[in-house]
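# Observations on chain architecture
Spelled out from the first residue to the last, the chains are:
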Protein chains: 2
Amino acid sequence: MSQTIIVLGGDGFCGWPTSLYFSQAGYEVVIVDNLSRRKIDIELECASLTPIQPLGRRLSAWKEVSGKAITFVNLDVAVQYHKLLTLIRQYKPLAVVHFAEQRAAPYSMKSSFHKRYTVSNNINATHNILAAIAESGEDVHLVHLGTMGVYGYGTSGLAIPEGYLNVKIETGEGNMKDLEILYPANPGSVYHMTKTQDALMFYYYNKNDAIRVTDLHQGIVWGTNTEQTMLDERLINRFDYDGDYGTVLNRFLMQAAVGHPLTVHGTGGQTRAFIHIRDTVKCIRLAVEHPPARGDRVQIFNQATETYQVRDLATLVATLTGAEVRYYINPRKEDAENTLRVRNDKFLELGLEPLTLEDGLLEEVYTIARKYGERCDPDKIICTSRWSDLIPEDLQGAAVPPTD
Amino acid sequence: MSQTIIVLGGDGFCGWPTSLYFSQAGYEVVIVDNLSRRKIDIELECASLTPIQPLGRRLSAWKEVSGKAITFVNLDVAVQYHKLLTLIRQYKPLAVVHFAEQRAAPYSMKSSFHKRYTVSNNINATHNILAAIAESGEDVHLVHLGTMGVYGYGTSGLAIPEGYLNVKIETGEGNMKDLEILYPANPGSVYHMTKTQDALMFYYYNKNDAIRVTDLHQGIVWGTNTEQTMLDERLINRFDYDGDYGTVLNRFLMQAAVGHPLTVHGTGGQTRAFIHIRDTVKCIRLAVEHPPARGDRVQIFNQATETYQVRDLATLVATLTGAEVRYYINPRKEDAENTLRVRNDKFLELGLEPLTLEDGLLEEVYTIARKYGERCDPDKIICTSRWSDLIPEDLQGAAVPPTD
């Protein structure tokens, strides 16, 4: 059995630590990346807070530190189909781990250009991978990084199951029939929409070509480094704090570090699911090492370990740092308040022991936000994407009094 | 209120008679087309059985016959976003009717190239239209030609509702909650998959930007001409009989005309929904003239008027023509037998009086299949696309004895 893992998007925030984790564990790792995330840094005139190194330097540092070589192939998965097919035929990988999508909801909403790029890139990338695996005839397990956002936030007080929902339908005359369906999609941005479209492609190619697929519905990833990226500063992982790519937590940390109030959108009553990057890489390995059987349906795991309301997260950061909290008009179209209960039994059963925000956040404050704080451009922290013209422009970014 | 209708794909099999129908009814019609279907004829080395004229000649004939001008804009909706946006801003149309997708399931399964073209073309076309309507700020009603195939054939003995399904979910302790969801997607080909992905884009842009959308889940269209296309032979509509674009009915008609047995795939127990092209154009006008209100959810109509099992259709054609029926291995992955009951109450309530196969088929035999039969290339009638490598190549096209 091949021990090669192809990591698509292996230069990115999740892809890089995942590649090192598999390499460390003895797998042969092939990183495929078109460096698009670094090019978007140039477009946005912003950069990772942490001083990430060019990929070539990262890889030679890894070789030096671990003695292990990682192969890099620069290719655009959404465009260069034949090169991708050739790679799969050449390596016959055990698994392809697919991070090769534009991953920021605010970036996907900046303009029609950004909406169109996100759709074309994400859909064609995922479809090319599926078509290439089918055409290769190899029995490759595809592990895809999806998002909790496919479920839609705030649609239900129910615990969100892992991908599938049991429903009953009336068949007439009061008779009921049981049906298990893909959880009904309710995306909250163009980015999230592409992930719900991905799910249909996995469903179809799994049904038609018996491709083995694991789809990981991931929460918001926090934390920066893993055991491997901490071995040498040249291996350091990205930390995005800007309004497009920075998660709410990272933006709070940076605001605290530069002495700006923490900007909460709306009431802060939005509940989000979280996971530490160290748990992300563990989950991906667990997924790779526990594939569905050939012929089984798409396997779906919820990859999140805890949930927080945004205002409670702000309070947590404020407590650790002494920052103040301020409330702003929400640029997103979403419910002001929602609850979120996420089932994640499958990873817990496979032995995951999650790292919690309560336990790990202080490390982020000191080792990342304060250490590299002077590299921050404070003008970039605020989110300027509006979800819709239906939200008046003059309300954008306006401060509002807290509602609770 | 503008009376302009932009017809995307207005040179195609459904688009052309629809354009004439609206023009005749007094609407200002703008046809947008990149002539891709004619280019695919060149690729497949096949052509419409009927002698369709170049679009310019069609339009001048229409002007001559009706006194009405139709504007033509040659543009690729999936690629030329800004030109599309400019058109919408210029015409501020009452409605955009969207036929601009690759529409053949067998073509979408021919090879990875064809799968990838279908996905990229269909998804980017639909998304560009939605993004352009949102960016324009105009309140344009989008009417989209979808397919009954999004429901998936044979998944249920239930009557298929119009787009949405009422389900109950258990909320714990035996409590049930009612939920209305988009009908769970179960596509049967890459082509059908793109239509299920379209549905998610309609859902999202309707929710986020309040775009008014009607999605028509159409059955297999039969018949060739409408009242308008019969006014002059230069206005004649396409008739596809090849294994990729020809519907099962058209291929039966051609086989009968050239003296070949009717080729039924599998047991012929597959049930399909049908509609005549004259009813298609009426339905589209009904949809345009009955838009959902601004802020309403996506409106979904089933656009089909009767259902037939394929073997019964073969019998019908055999009875009219004296042809014999022969059974072949099915290249599609689908249930051998399925029932299909389709709700189409909405169009019936709006006054549609359907034309049935029983009443209209003889006209097709005489005015199309026999009249133009000598233009047929019999080698092109058989479907050569295999749905999956899991179907052995050597069984492809093999004759099998009837199973009933």
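Scroll up for the structure.
If you're wondering where the values come from, they're calculated on a predicted model, not measured in any experiment.

Turning next to the overall build of chain A. Secondary structure assignment for chain A yields twelve helices and 17 strands. Here the C-alpha radius of gyration of chain A, 21 Å, is about what a compact globule of 404 residues would show, namely 22 Å. Dimensions of chain A, computed from C-alpha atoms along their principal axes, come out at roughly 70 × 60 × 40 Å. Put simply, chain A has 404 residues, and 62% of those count as buried. Put simply, 82% of the contacts in chain A that link residues at least 6 apart link residues at least 24 apart. Surface summary for chain A: the accessible area is close to 14,900 Å², and the carbon and sulfur share equals 49%. Positive and negative charge centroids in chain A, built from 40 and 49 side chains respectively, lie 4 Å apart.

The interface is formed by 53 residues belonging to chain B together with 53 residues belonging to chain A. When chain B packs against chain A, the two sides together hide about 4,200 Å² of surface, and 58% of this comes from carbon and sulfur. Considering only the side of chain B, the residues that lose the most area to chain A are Arg116(B), Leu200(B) and Tyr204(B), jointly responsible for 15% of the buried surface there. Put simply, chain B and chain A have zero salt bridges between them.

Residue and element names in this part refer to chain A. Two elements in contact, helix α8 (residues 248-258) and helix α10 (residues 310-321), have axes separated by 10 Å at closest approach and are oriented at 30 degrees. Taken together, α8 and α10 sit at an angle that is classed as roughly parallel. Considering the relative orientation of α8 and α10, their crossing is right-handed. Mapping the contact onto sequence places Val248, Leu249, Phe252, Leu253 and Ala256 in α8 and Val310, Leu313, Ala314, Val317 and Thr321 in α10. Of the residues that constitute the contact of α8 with α10, the class distribution is nine nonpolar, one polar and no charged.

All names here are of chain A. Strand order across the open sheet formed by three strands is β10-β12-β14, with mixed pairing between neighbours. On the outer flanks of this sheet lie β10 (220-222) and β14 (306-309), each paired with one strand and no other. Averaged over all pairs of adjacent strands, the angle between strand axes in this sheet comes to 45 degrees, irrespective of strand direction. Of the strand pairs in this sheet, β10 and strand β12 (residues 271-276) are connected by three bridges, and their pairing is parallel. Counted as the bridge partner of Ile220 is Phe274 from β12.

Residue and element names in this part refer to chain A. A positive phi angle, close to 55 degrees, is found at Glu45, a residue other than glycine. Its identity is not glycine, yet Ala210 carries a phi of approximately 60 degrees, on the positive side. Considering the arrangement of structural elements, one finds Ala210 in the loop between α7 (190-209) and β9 (212-218). The exposure class of Ala210 is buried, given its relative accessible area of 15%.

On to the sheet that holds strand β2 (residues 28-33) of chain B. All names here are of chain B. Strand order in this open sheet of seven strands is β3-β2-β1-β4-β5-β9-β13, and the pairing throughout is parallel. Looking at which strands have only one partner, the edges of the open sheet turn out to be β3 (71-74) and β13 (299-303). Each adjacent strand pair in this sheet contributes to an overall mean axis angle of 20 degrees, direction not counted. Sheet strands in contact with helix α7 (residues 190-209) are β5 (141-147) and β9 (212-218), and its direction is about 150 degrees off that of β5.

Here we come to the side chain of Asn34(A). Residues and elements named next belong to chain A. Within the secondary structure, Asn34 is located in the loop between β2 (28-33) and α2 (36-44). For Asn34, a relative accessible area of 17% translates into the label buried. Not counting residues up to four positions away in its chain, the partners in contact with Asn34 are Lys39, Asn74, Leu75 and Asp76.

With that out of the way, let us pick up the pattern of salt bridges. Counting across every chain of the model gives 40 salt bridges over all chains. As a salt-bridge pair, Lys168(A) and Asp178(A) come within 2.8 Å of each other at their nearest N and O atoms. In this pair, Lys168(A) sits in strand β7 (residues 164-170) while Asp178(A) sits in strand β8 (residues 176-182), placing the two residues ten residues apart along the sequence. We classify Asp178(A) as exposed; its relative accessible area is 57%. As a salt-bridge pair, Arg212(B) and Asp139(B) come within 3.0 Å of each other at their nearest N and O atoms. Placement of Arg212(B) in strand β9 and of Asp139(B) in the loop between α6 (112-136) and β5 is noted, with a sequence separation of 73 residues between them. The class for Arg212(B) is buried, based on a relative accessible area of 11%. What makes Asp139(B) partly exposed here is its relative accessible area of 36%.

This paragraph deals with the pairing of β14(A). On any regular strand, side chains alternate: one points to one face of the sheet, the next to the other face. Residue and element names in this part refer to chain A. Burial along β14 is one-sided: the residues Glu306 and Tyr308 are buried and none of Thr307 and Gln309 is. As defined by bridge partners, β12 adjoins β14 across four bridges and the pair is classed as antiparallel. Pairing of Ala273 across the sheet is with Thr307, part of β14.

Within helix α4 (residues 81-91) of chain A the residues assigned to the buried category are Tyr81(A), Leu84(A), Leu85(A), Leu87(A), Ile88(A) and Tyr91(A). The arc that holds every buried residue of α4(A), seen down its axis, measures 160 degrees, which confines them to one face. In α4(A), the exposed residues that point more than 90 degrees away from the buried face are His82(A) and Gln90(A). Considering only its buried residues, α4(A) is in contact with β1 (4-8), β2, β3 (71-74) and α6 (112-136) of chain A together with α6 of chain B. Looking one or two places after α4(A), you find Lys92(A), whose phi comes out positive at around 40 degrees.

Parameters at a glance
Residue numbers restart at each chain and count upward from 1, following the sequence in its written direction. Lettering of chains starts at A and numbering of ligands starts at 1, both following the order in which they are written. Local features in this predicted model are restricted to residues whose pLDDT is 70 or higher, and side-chain atom pairs enter the listing and the counts only when it is 80 or higher, whereas totals over whole chains, interfaces and linings include all residues. By convention in this description, side-chain values take in all heavy atoms of the structure and omit both hydrogens and water. Think of it this way: any DSSP run of H or I at least four residues long counts as a helix, any run of E at least two long counts as a strand, and we number them from the N terminus. For a compact globule the rule gives 2.2 Å times the number of residues to the power 0.38, and the radius of gyration it is set against comes from C-alpha atoms. Burial classification: accessible surface area is computed with a 1.4 Å probe over protein chains only, and a residue below 20% of its type maximum counts as buried, one above 50% as exposed, and the rest as partly exposed. The criterion used for residue contact is that any of the two residues' heavy atoms lie within 4.5 Å. Accessibility throughout is a Shrake-Rupley quantity obtained with a 1.4 Å probe, and a residue counts as covered only by protein chains that appear here. Here the positive residues are Lys and Arg and the negative ones are Asp and Glu; neither His nor the chain ends is included. Lys charges are placed at NZ, Arg charges at CZ, Asp charges at CG and Glu charges at CD. When two parts are put together, the accessible area they lose, computed with a 1.4 Å probe and summed over both, is reported as buried area. Put simply, a salt bridge is a Lys or Arg side-chain nitrogen that is within 4 Å of an Asp or Glu carboxyl oxygen. All axes are obtained by fitting lines to C-alpha atoms, using only the stretch in contact for helices, and the reported angles, taken between N-to-C directions, cover 0 to 180 degrees. Geometric relationships in this document are graded by angle, where less than 35 degrees denotes roughly parallel, more than 145 denotes roughly antiparallel, 65 to 115 denotes roughly perpendicular, and other angles denote oblique. Left-handed describes a crossing whose near helix is turned anticlockwise from the far helix through less than a right angle; right-handed describes the clockwise counterpart. Note on residue categories: nonpolar means Ala, Val, Leu, Ile, Met, Phe, Trp, Tyr, Cys or Pro, charged means Asp, Glu, Lys or Arg, and polar means any other residue, Gly included. Pairing between strands is defined by DSSP: at least two bridges between them are needed. What the arc covers is the set of directions going from the helix axis to the C-beta atoms.

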